[in-house]
Amino acid sequence: MFKLVFKQYKCKSTSPDLTEVVKIDDCVVKGNDQEKSDNNIVQRLSISNVESLQTMPGVKSPKDWRTYTLTNHPGIIVIRNPFSERGRRYWSARCLRDFPRTPNIVNLNERLFDESVRSDWWKQLNLCSDGVEFQRIKSAMRWTTFGYHHNWDTKIYDEEMQSPFPEDLSSLCGLFAQALGYADFKPEAAIVNYYPVGSTLSGHTDHSEPNKSAPLFSFSFGQTAIFLIGGRSLEEKPTAIYLQSGDVMIMSGESRLCYHAVPRIIKTQASATLSLIIEDVDNADIKTRTIDKDLFHDVGNPQFWEPFSRYMDDSRININIRQVLNPGDVKL
Ligand SMILES: O=C(O)CCC(=O)C(=O)O
C-alpha cells in the first residue's frame with residue numbers, strides 16, 4: 001500500500017490528486033482566540049514549559065509556536081514554521097554554503113566531480129560560468145552528513161567516522177527538544193537532504209541508530225514537500241501531509257520507526273517572495289548564542305542572498321537530526 005501511494009504522488013506524467021494531502025493550516029479554525037481542529041486528523045498540542053524556554057535568533061517566541069499532532073500517527077509532531085524569514089534564510093544558507101564542506105561527507109561521486117567540488121560544493125558552483133556545468137553540479141548535490149556519518153552501504157555508524165556537529169544546529173535542536181520534553185536529547189548525527197524539484201526520497205525506516213527511542217528532528221526549508229508517514233509495515237496506508245518552509249517535524253514514540261518518504265516536491269514559493277528585503281528585528285539576544293552573526297546579518301542583504309534565493313526557488317532542503325548513542329554510552 002505504501003509503495004502504491006508513493007507512486008501515485010510521484011507520477012510525473014499526470015498531476016496527482018492532492019485532495020487527500022493534509023494541509024495543517026486548513027485543518028484548524030480560530031474560535032475564542034484559540035485554534036481548534038475542525039476535523040479529527042490534526043490536534044493542537046500545547047507546550048507547557050514555554051515560559052522557561054529561551055529562544056534563539058531566527059526563531060519566534062515559543063509562546064507563538066503552533067504545534068500539532070496527527071491523530072492517526074501517534075508520536076508525529078509538527079510545529080508550523082516557528083522561524084522568522086531571516087531565520088529560514090540563515091539555515092538555508094548554512095545548508096548550502098557551510099555544511100557540504102570537508103570534513104563533512106557529501107554524496108558527490110569522485111569519478112564525476114573534482115576534489116575541489118567535493119570539498120566545497122557551493123563555492124565551486126558559484127565560480128562556475130558554464131551554464132550546463134552549473135546545472136550538473138547543482139543538481140548532483142543530494143546529501144551531506146556530519147556528526148556520526150551514516151554508512152549507506154553497511155547501514156552502520158562507526159566511531160571513527162565522525163565530523164564535528166555544528167554548535168548552532170545543536171542549540172536549535174536543543175531548543176525544540178527541550179520544548180517537547182526531551183531535554184536529554186543529544187544531537188549526534190545529521191543528514192541534510194537536498195531536493196531539487198522532481199527529486200524524491202523513497203520509503204524507508206531509520207533504524208541504524210543504536211538508540212531507536214530518541215526522537216528524530218526534521219527541519220524543512222524552501223519549496224513544499226509531500227511527506228508520507230506510514231506504519232511499521234509497508235502494508236499500512238500512509239497519510240500524506242504537506243511540509244512547508246520552516247516546518248519542524250518530530251518523529252517520536254510510536255512513529256520513530258515508521259515508514260516515511262518524500263514522493264514529490266511542489267513549487268509553492270515564487271522567487272519574488274524569496275528575494276524580498278527583510279526588515280524583521282530579532283528579539284533574541286544574538287550575543288549569547290552560538291550562531292554565525294555575520295551570516296545572520298548578511299542574509300538580510302538582497303545581493304548576498306541572491307544566489308541562495310536562486311537555489312531555493314526550485315528546491316527544498318531538509319535537515320534531519322538523530323541521537324545515535326544510548327543514554328550513558330560515550331561511544332559506539
Ligand atoms: O526530507 C524529509 O522530510 C525526510 C528525510 C528523511 O526521511 C531522512 O533523511 O531519513
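A quick note: this is a predicted structure, and the numbers were derived from the prediction, not measured.

**A few points about the UniProt feature "binding site: Fe cation" (unreviewed entry) in the chain**
And then number 1: Here, the residues flagged by UniProt with the feature "binding site: Fe cation" (unreviewed entry) are His 204, Asp 206 and His 260. Across 57 residues, the annotated set stays spatially compact, with a maximum C-alpha separation of 9.0 Å.
And then number 2: Relative to the helices and strands, His 204 is located in strand E10 (residues 201-204).
And then number 3: The class for His 204 is partly exposed, based on a relative accessible area of 22%.
And then number 4: What His 204 contacts, discounting residues up to four positions off in sequence, is Cys 258, Tyr 259 and His 260.
And then number 5: A polar atom in the side chain of His 204 sits 2.9 Å from the backbone oxygen of Ser 202.
And then number 6: Its relative accessible area of 6% is what places His 260 among the buried residues.
And then number 7: Ignoring any residue separated from it by four or fewer positions in sequence, one finds His 260 in contact with Phe 2, Ser 202, Gly 203, His 204, Thr 205, Asp 206, Phe 227, Leu 228, Ile 229 and Met 251.
And then number 8: Of the polar contacts made by the side chain of His 260, one reaches the side chain of Asp 206; its length is 3.0 Å.

**Brief notes about the sheet that holds strand E12 (residues 224-229)**
And then number 1: Read from one edge to the other, the open sheet built from 4 strands follows the order E10-E15-E12-E13, with strand pairing classed as antiparallel. Across the chains shown, the open sheet's two edge strands, defined by having one partner strand only, are E10 and strand E13 (239-243). Taken over all neighbouring pairs, the strand axes of this sheet differ in orientation by 25 degrees on average, direction set aside.
And then number 2: Where E10 and strand E15 (residues 260-266) come together, 2 bridges link them in antiparallel fashion. Across the sheet, His 204 pairs through a bridge with His 260, a residue of E15.

**Details of helix H1 (residues 2-10)**
And then number 1: Listed as buried for H1 are Phe 2, Val 5, Phe 6 and Tyr 9. Summarising the axial view, the buried residues of H1 lie within an arc of 105 degrees, below the 170-degree limit, and thus occupy one face. Among the exposed residues of H1, those pointing more than 90 degrees away from its buried face are Lys 3 and Lys 7.
And then number 2: Next to the buried residues of H1 lie E10, E12, E13 and E15.

**Some words on the side chain of Ser 171**
And then number 1: Tracing the backbone shows Ser 171 in helix H7 (residues 167-179).
And then number 2: Reaching out from Ser 171, the side chain makes a polar contact with the side chain of Thr 290 at a distance of 3.0 Å.

**Overview of the site of the ligand**
And then number 1: Around the ligand sit 13 residues, and of these Asn 193, Tyr 195, His 204, His 260 and Arg 316 come closest.
And then number 2: Note that an oxygen atom of the ligand is positioned 3.3 Å from one of the side-chain N or O atoms of Asp 206.
And then number 3: A distance of 3.3 Å separates an oxygen atom of the ligand from a polar side-chain atom of Asn 318.
And then number 4: Here the ligand, which alone exposes 290 Å², has 96% of that area covered by the protein.
And then number 5: The biggest single contributor to the shell around the ligand is strand E16 (residues 315-322), with 4 residues.

**Here's the deal with the environment of Asp 313**
And then number 1: Topologically, Asp 313 is positioned in the loop between helix H10 (302-312) and E16.
And then number 2: Relative accessible area serves as the criterion here: at 16%, Asp 313 is assigned to the buried category.

**Focus on the state of the cysteines**
And then number 1: Scanning the entire structure with this criterion turns up 0 disulfides.
And then number 2: Cys 95 takes part in no disulfide bond, and the closest cysteine sulfur, belonging to Cys 173, lies 13 Å away.
And then number 3: Taking relative accessible area as the criterion, Cys 95 reaches 0% and is therefore assigned buried.
And then number 4: What makes Cys 173 buried here is its relative accessible area of 0%.

**Brief notes about the packing of helix H3 (residues 85-98) against H7**
And then number 1: Running from N to C, H3 and H7 cross one another at 135 degrees; their axes reach a closest spacing of 12 Å. By the angle between their axes, H3 is oblique relative to H7. Where H3 crosses over H7, the handedness of that crossing is left-handed. Across from Tyr 90, Trp 91 and Arg 94 in H3, the residues of H7 making contact are Asp 168, Leu 169 and Leu 172.
And then number 2: Taken together, the residues of the contact of H3 with H7 break down into 4 nonpolar, no polar and 2 charged.

Conventions and cut-offs
Each chain carries its own residue numbering, running from 1 in the written order of its sequence. In keeping with the model being predicted, local features are shown solely for residues with a pLDDT of at least 70 and side-chain atom pairs are shown and tallied solely at 80 or more, while totals for entire chains, interfaces and linings include all residues. To obtain the side-chain values, all non-hydrogen atoms of the structure were used and water was disregarded. UniProt positions are given in the numbering used here, feature names are shortened, and annotations may be inferred rather than shown by experiment. Only DSSP runs of H or I covering at least 4 residues are called helices, and only runs of E covering at least 2 are called strands; the numbering of each starts at the N terminus. Accessible area is worked out with a 1.4 Å probe on protein chains only. A residue is then buried under 20% of its type maximum, exposed over 50%, and partly exposed in between. We call two residues in contact when some of their heavy atoms are within 4.5 Å. Any pair of N or O atoms that falls within 3.5 Å is considered a polar contact. Within protein, one atom must be able to donate a hydrogen and the other to accept it, and sequence-neighbouring residues count only if both atoms are side-chain atoms. Should DSSP find at least two bridges between two strands, the strands are taken to pair. Helix axes are fitted only over the stretch in contact, all axes being lines through C-alpha atoms; the angle between N-to-C directions runs from 0 to 180 degrees. To obtain the arc, one takes the directions from the helix axis to the C-beta atoms. A cutoff of 4 Å decides nearness: a residue is near a molecule or strand if any of its heavy atoms lies inside that distance of it. What sets the accessible areas is the Shrake-Rupley method with a 1.4 Å probe; for residues, cover comes only from the shown protein chains. Pairs of cysteine sulfur atoms within 2.5 Å are identified as disulfides in what follows. Here the word oblique covers every angle except those under 35 degrees (roughly parallel), over 145 (roughly antiparallel) and from 65 to 115 (roughly perpendicular). Left-handed describes a crossing in which the near helix is turned anticlockwise from the far one by less than a right angle; the clockwise case is right-handed. In the scheme used here, Gly and all other residues not listed as nonpolar or charged are polar, with Ala, Val, Leu, Ile, Met, Phe, Trp, Tyr, Cys and Pro taken as nonpolar and Asp, Glu, Lys and Arg as charged.

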